[in-house]
Structure formats: structure tokens, C-alpha cells
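Geometric and topological summary
Listed here are the chains, written in short residue letters.
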Amino acid sequence: MNKLFANDSTMMEVIPLKTSEKDLSDKPAYERRFHVMAKPGGSKCNIDCQYCFYLHKEGLLHQPKQPQMDDETLERFIQSYIQSQDGDEVVFSWQGGEPTLLGIDYYRKIVALQKKYQPDGVTIQNDLQTNGILLNDEWCEFLKQNNFLVGLSIDGPAELHDKYRVTRSGKPTFHLVMKAVECLKKHGVPFNALTVVNRHNAKYLLEVYRFLTQELGATYVQFTPIVEPSNFKTTAPQFWSDSMLPKLGEELSKPGHPMSVVTDWSVDPDDWGHFLSVIFEEWVNNDLGRVLVNLFETAVAQTMGKPSQLCVTAEFCGKGLAIEHDGAVYSCDHYVYPEYQVGNVKDTELNKLVFSTCQEAFGMSKRESLPQYCKSCDHLNLCWGECPKNRLIRTPDGEVGLNYLCSGIKQFFDYSKPMLAGIAVLLQQNKINQ
Ligand code: SF4
Ligand code: SF4
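In short, a report on the structure. (Residues numbered from 1 in each chain as written. Chains lettered and ligands numbered in written order. Predicted model: local features only at pLDDT ≥ 70, side-chain atom pairs only at ≥ 80, totals over all residues.)

**Considerations on the sheet that holds strand β3 (residues 123-130)**
- Strand order in this open sheet of 10 strands is β7-β6-β5-β4-β3-β2-β1-β8-β9-β10, and the pairing throughout is mixed. Of all strands in the sheet, those with a lone pairing partner are β7 (292-293) and β10 (341-344), marking the two edges.
- Sheet topology places strand β6 (residues 220-225) next to β7; two bridges connect them, and they run parallel. Within β7, the residue paired with Y220 across the bridge is L292. (Pairing = 2+ DSSP bridges. Helix = DSSP H or I, 4+ residues; strand = E, 2+ residues; numbered from the N terminus.)

As C-alpha cells, then:
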């Protein structure tokens, strides 16, 4: 893997789960690696983003007012997470809700527990995904001292960021995030921009991209399209009523209609395709070798015949789970619904939950449930039907399981494929600065 396209700590080559010891015994160690998004403070947050996919878990999972993973469960999770993997690096990701609400001392405890169970020769890395509001000198000193990588949520310049990312009383938060950026820079804490692409900021693509890479100075940008089924607060993915799913191109398969299959703030699939295409061109012309964009990076890697580095564009999934404050483990961060709970770390080792037949089936179903329309698509090996949670529409001939973003994804790969192939050749010839 070229350094330019080396794994970020939040990424991992995505290969299928194998459940039996026999299958595991002759595989490279990294096949026993997996990732768990930890939510020790549950869904509790100090702001109220309109599009948040997680705030409603408080009601859905009957969380207490002040959810917090207790000491015993925390230790059990940390020990089991480290001991269930046998690579030379273990990556912890702390998220929520807003993980900084638990306070610095909680994270001091985490670091101490990690040291207690850290095997010789194994590196432990921590990521903190935050809205930045609580970050101050004390936090940044701690993050720097303990080599945390920060994922900072920011959706573009003020007028775009503040469209949805507001306080509970509806006040803007952009200025608070920029204070956090200053503080992170002052203390030399590395940070990535985590940018949600919604129906609004998708239309201001270059403003978003140039703000992140020029004004903010981010050299790693992770774009995530917002796709939320209109009933996402109550209905788990794949438990939708098939008869309600519109066909590709129908009015209800886009945001903005009162009966749309998605929320009003979900990105329009065609805007998503346009967003990616225009930013890809800008990236190729100005930032190749300087700025890492998650979706472009993995598209290049896949074009070079390497495994996807992102679950969403991989053939299989299932190796990115989530743990809630009460120790409950779910198949994926986007599948935190009772139907997808695989167990609880309080009574079962994590490796038994991750390398279980039910989790393996979850991961394999990403490929096995693809509609024929995807199986015969020219872009299948770059897309793999994208994330199953977004498979909200039907194909033109009525088969269920097509991705809501399909038209945009096609648009992007139709446009970028020749350039992706060109970049792959340049990388193979070492003609791009790394
Ligand atoms: S369900 Fe989606 S987000 Fe979850 S692991 Fe699979 S592809 Fe990734
Ligand atoms: S671009 Fe559309 S048809 Fe092709 S694999 Fe992706 S979701 Fe399926």
C-alpha cells in the first residue's frame, strides 16, 4: 500500500469474517481484527443537530438521563477488545452522542486500563469523534499527550455548518467549533474533518471542500452522505415494508416530497453524484498527494485491485460493530436497534460476538442480498451496493434492495473511472508525490 493511501487508524481493509477457528488458524493476523465504535456516554449530546441519526436512541433503547458505561463494563470492554484481536495495533474509537461529556478523568481511566491490558509489541490508538464544543487547553493537552486522533464534525463554512448543527435552543455552533480548531492546532493535536453531506450543503460543494482544505487546513476529509429513512427513529434497516419502497427515479425516492422515503434533510442522490464528481476533479487538479478524501482514497485502492478500506464500498461488512454504555453490542454503528443486538460484553467475550454465525451472516448479506441490477452493474467492484442501511428503493423492474444513492454513485463512477485508472498507473510508477 502506498503511503499516500496508507490506512488511517479509522480504516481497515475490509475482508469477510470467518467464524471457525479452523478458518482463522491459517489466516494472516489482520483477519482477526475488527473495530468497535464505543459509546460510553450513550446518545447524550450537548447540541441538537436536526439530522442526527443517534439522538433518538435515548428513547428507542430506554437510556437513562445520564448514561455512562460503569467501571466494571468499561474494563471488561477494554480487556476483551484488546484480547480478542491479534494484530499489532488496536484502535479504539470513542463516539456518542458527544463523548467529551464524560469528562477528561473518564478518558484518563480509559488510557490507564488500556495500559494495564496492552500486550508487548501492540500499539494502542485512540480516536475521539467530537463536535468540539467542550475542547479546551486541558482537553487538548490530554489528547496530545496520549496520541489521540480527533475526528471533528464540521459541515463547511458558518452559513452551511449552522444550517443543521445547532444547540438545543437553536443557536449556531460554528464559532465554537472554530475555537476548538484553534485549540487543537495550538497543541498540535492531529484532527480529521468529518463532514456530513446533507440536502443543503451538497449544493455548495466547492465552498465546502475549499473551506475544509484551505481555510480549516484539514488534510484528511471524511465525507458521509446523510441518508435517513423517514421512519428511522422507529424502524430498523431491512425491517421496512417492501410495498412502501419507491422505484429508482420515482418522486418518492428523493427528498422534499411529504411522502418521501427519506427525511427532508437527506442528500438528494443526484446532488451526491455531482458533489463527488466536482470535488474529485478539484482534488485531482490541486490536492492529489496532499489531502486524503476517504471515498477517493478507497476508490483508487480498489482500482489498483486492493481491498476496500471502507466498509461502505466493500463486498462484505460486519467487522465494524458498536457498543453502548450498558455493554450491549450491535452489528454496526448504524444498526443500533434491538433487532441487531448481538449480545453484551458483560457476559460474552467480544470475539465470540464478532466471530459469531449471526454477525458473519450480517456481513455476508451485504453481497448476498444485492439485487440483479447491482450484480450486472459496471461499477459493482467499486460500489458493492454501498451501505445496506441505505438500500431503501427498488430497481426499475421492482426488485427491492437497491441503494437510495445509486443514481449519484453511478454518476460519480461514470465520470471518475478513467481518472481513477490514470491515478492508479501513476501510483504504480511512483509518479505521484507521497
Ligand atoms: S452496515 Fe453499512 S456502515 Fe455498517 S458495516 Fe455495513 S457497510 Fe458499514
Ligand atoms: S452503482 Fe447502483 S447499481 Fe451499481 S452497484 Fe452501486 S448501487 Fe448497485
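Moving on from the model shown.
**Describing the site of ligand 2**
- Inspection of the region around ligand 2 gives Y373, C374, C377, H379, L380, C383, G385, E386, N403, C406, I409 and K410 as its neighbouring residues.
- Counting only elements with at least two residues in the shell around ligand 2, the list comes to α13 (372-375), α14 (380-383) and α15 (406-428).
- A per-element tally of the shell around ligand 2 places α15 first, with three residues.
- Looking at the shell around ligand 2 residue by residue, the classes come out as seven nonpolar, three polar and two charged. (Near = placed C-beta within 6 Å. Nonpolar A, V, L, I, M, F, W, Y, C, P; charged D, E, K, R; others polar.)

**Section: the pairing of strand β2 (residues 89-94)**
- For β2, the tally of buried residues reaches five of six residues, placing the bulk of the element in the interior.
- In the sheet, strand β1 (residues 35-38) pairs with β2 via two bridges, with the strands oriented parallel. The residue bridging M37 from the neighbouring strand is S93, located in β2.
- Bridging between β2 and β3 involves six bridges; their strand directions are parallel. Looking at β3, one finds that V90 is bridged to I124.
- Assessed by its sense of winding, the connection that carries the chain from β2 through helix α4 (residues 104-117) to β3 is right-handed. (Buried ≥ 20, exposed ≤ 12 C-beta atoms within 10 Å, placed from the backbone. Right-handed = clockwise from strand over helix to strand, strands pointing away.)

**Points about the pairing of β1**
- The alternating pattern of β1 places H35 and M37 and V36 and A38 on opposite faces, both of which are buried.
- Where β1 lies against strand β8 (residues 320-323), four bridges are found, and the strand directions are parallel. Pairing of V36 across the sheet is with L321, part of β8.

**Digging into the environment of A202**
- Tracing the chain through its elements places A202 in the loop between β5 (191-197) and α8 (205-215).
- Along the backbone, A202 and D155 are 47 residues apart, and their C-alpha atoms lie at a distance of 9.9 Å.
- Setting aside residues up to four positions removed in sequence, A202 forms contacts with V197, V267, D268, D271, W272 and F275. (Contact = placed C-beta atoms within 7 Å.)

**Side note on the site of ligand 1**
- The immediate surroundings of ligand 1 are formed by C311, V312, C317, G320, C332, H334, K366, C387, P388 and K389.
- The class makeup of the residues in the shell around ligand 1 is six nonpolar, two polar and two charged.

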